Amino acid sequence: MKAIVLQTLDGTQHIGFILCAIPPGDIEGDCMFSIVPDNAELLEDPEIVQLLDRRDQGESQIELSEDSLSILIRSRKLDNMFVQFEIDGIGEWGYIRSGERVAIGQATTITSRH
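Definitions and cut-offs
Residues numbered from 1 in each chain as written. Predicted model: local features only at pLDDT ≥ 70, side-chain atom pairs only at ≥ 80, totals over all residues. Heavy atoms only, no water. Salt bridge = Lys/Arg side-chain N within 4 Å of Asp/Glu carboxyl O. Buried < 20%, exposed > 50% of the residue type's maximum accessible area, 1.4 Å probe, protein only. Helix = DSSP H or I, 4+ residues; strand = E, 2+ residues; numbered from the N terminus. Pairing = 2+ DSSP bridges.

1. Quick look at the pattern of salt bridges
Side chains that differ in sign of charge can pair as their charged atoms come close.
Here's step 1: All chains considered together, the criterion is met by 4 salt bridges.
Here's step 2: Two residues, Asp56 and Arg55, come together in a salt bridge whose shortest N-O distance is 3.0 Å.
Here's step 3: Overall, the relative accessible area of 35% leaves Arg55 in the partly exposed class.
Here's step 4: Taken together, the salt bridges that share partners define one network made up of Glu47, Asp79 and Arg97.

2. So, the pairing of strand 1 (residues 3-7)
Here's step 1: Most of strand 1 is tucked away, with 4 of its 5 residues classed as buried.
Here's step 2: Connecting the antiparallel pair strand 1 and strand 2 (residues 14-21) is a turn made up of 6 residues, with Gly11 showing a positive phi of about 75°.
Here's step 3: Bridge analysis of strand 1 against strand 8 (residues 100-110) gives 4 bridges, and the strand direction is antiparallel. The residue of strand 8 that forms the bridge with Val5 is Thr108.

Structure (structure tokens):
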């Protein structure tokens with residue numbers, strides 16, 4: 001997995017990307033955020049502002065589950081973030097708040113064939 005596309009919960013608007021750097025065969029690495037929403041009004045949404053804060057921090061830590069269907073992202077002083085995929089590569093992303101996963105949007109993977 002090289003990148004994850006982030007969309008709104010209804011899947012109608014693009015928010016941005018998570019660019020992943022995980023060594024082959026490893027389950028931990030780093031990621032960066034590229035936030036380029038279709039709609040400028042999304043930049044006022046507090047959930048998207050948190051993505052902008054992650055982007056401004058530079059690298060965040062990323063950890064894959066053993067089956068690579070669940071991802072945990074840690075950024076300094078921000079809620080942990082999750083991305084959960086189904087087998088078809090489509091899933092959801094959100095934040096972990098008070099131990100609960102709160103879905104914020106849809107996510108899809110972009111992989112490299114090289």
